Amino acid sequence: RKGVGSKQAAKGLLENDPIPTGTQKVARIVSTRGSNLCEVEYPNESELELVRGLCRLPQKFKNQVWVRTGDFLIVQASPSGCDAVTILYSDHIKNLKRCNLWPPLFPDKLAERTGSPSQDGGR
């Protein structure tokens, strides 16, 4: 039986229009490392080059949403790594571009994933 919190986590990804704040940054998944780790790249402080680092996905996303190489996230960056705040889908990306918050280092093309998390996990 799944808890109410996990259902709310997946539902919250679709209903919100996330905007990075403070030390949060838009990041692209470069590779998945298994479990709840993935390697991401995100713009450095001056937004002139991409920095790579490991990112932890929150436990609330486990078995609820899946990420692939090329997907975009909003991450909370820190010197020891970063933590995923939310997963960005095509509607979120369009909204960030419309608000001029999309990093110029990422291509204009949307991520390969254009849908949203399905109830069956995309199987």
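Everything discussed here concerns the structure shown above.
Residues numbered from 1 in each chain as written. Predicted model: local features only at pLDDT ≥ 70, side-chain atom pairs only at ≥ 80, totals over all residues. Heavy atoms only, no water.

**Q** Is there a simple way to explain helix α2 (residues 90–98) in this structure?
**A** Structurally, the α-helix is built with 3.6 residues per turn, so residues lying three or four positions apart point the same way. Of all the positions in α2, only S90, H92, I93, N95 and L96 are classed as buried. N100, located one to two residues past α2, shows a positive phi value of around 55°. (Buried < 20%, exposed > 50% of the residue type's maximum accessible area, 1.4 Å probe, protein only. Helix = DSSP H or I, 4+ residues; strand = E, 2+ residues; numbered from the N terminus.)

**Q** I tried to follow the environment of W66 on my own but got confused; where do I start?
**A** Within the element layout of this structure, W66 appears in the loop between β3 (50–56) and β4 (72–78). When the C-alpha positions of W66 and I87 are compared, they lie 9.3 Å apart, and in sequence the two are 21 residues distant.

**Q** I tried to follow the packing of aromatic side chains on my own but got confused; where do I start?
**A** For any two aromatic rings, the description comes down to two numbers: the centre-to-centre distance and the angle of the planes. Applying the stated criterion to the full structure yields three aromatic pairs. On the basis of an interplanar angle of 70° and a centroid distance of 5.0 Å, the ring pair of F72 and W102 is categorised as edge-to-face. With F72 in strand β4 and W102 in the segment after α2, the pair connects residues that are 30 residues apart, well separated along the chain. You can call F72 buried: its relative accessible area is 3%. Ring plane angle 70° and centroid distance 5.3 Å describe the contact between F72 and F106, whose orientation is recorded as edge-to-face. Highlighted residues: F72 in strand β4 and F106 in the segment after α2, separated in sequence by 34 residues. Like F72, the residue F106 is buried in the burial classification. Between K97 and the ring centre of W102, over which it is positioned, the NZ or CZ distance is 5.6 Å. (Phe/Tyr/Trp six-rings, centres within 6.5 Å; stacked < 30°, edge-to-face > 60°. Lys NZ or Arg CZ within 6 Å of the ring centre and 35° of its normal.)

**Q** Explain the sheet that holds strand β1 (residues 24–34) here, please?
**A** Strand pairs in the sheet, formed through backbone hydrogen bonds, run parallel or antiparallel to each other. Within the closed barrel, the five strands sit side by side as β1-β2-β3-β5-β4. Their pairing is mixed. Averaged over all pairs of adjacent strands, the angle between strand axes in this sheet comes to 50°, irrespective of strand direction. Inspection of the sheet shows β4 paired to strand β5 (residues 81–88) by seven bridges, in the antiparallel sense. Counted as the bridge partner of S78 is G81 from β5. (Pairing = 2+ DSSP bridges. Axes fitted to C-alpha atoms, helices over the stretch in contact; angles between N-to-C directions.)

**Q** How do you make sense of the side chain of E41 when you look at a structure like this?
**A** Topologically, E41 is positioned in strand β2 (residues 37–43). On the basis of relative accessibility, which here comes to 10%, the residue E41 falls in the buried class. Here R28 takes part through its side chain, which lies 2.5 Å from a polar atom of the side chain of E41. Setting aside chain neighbours within four positions, we find E41 in contact with V26, A27, R28, V30, L50, V51, R52 and F106. (Polar contact = N/O pair within 3.5 Å; in protein donor to acceptor, adjacent residues only side chain to side chain. Contact = heavy atoms within 4.5 Å.)

Structural measurements only, silent on function.
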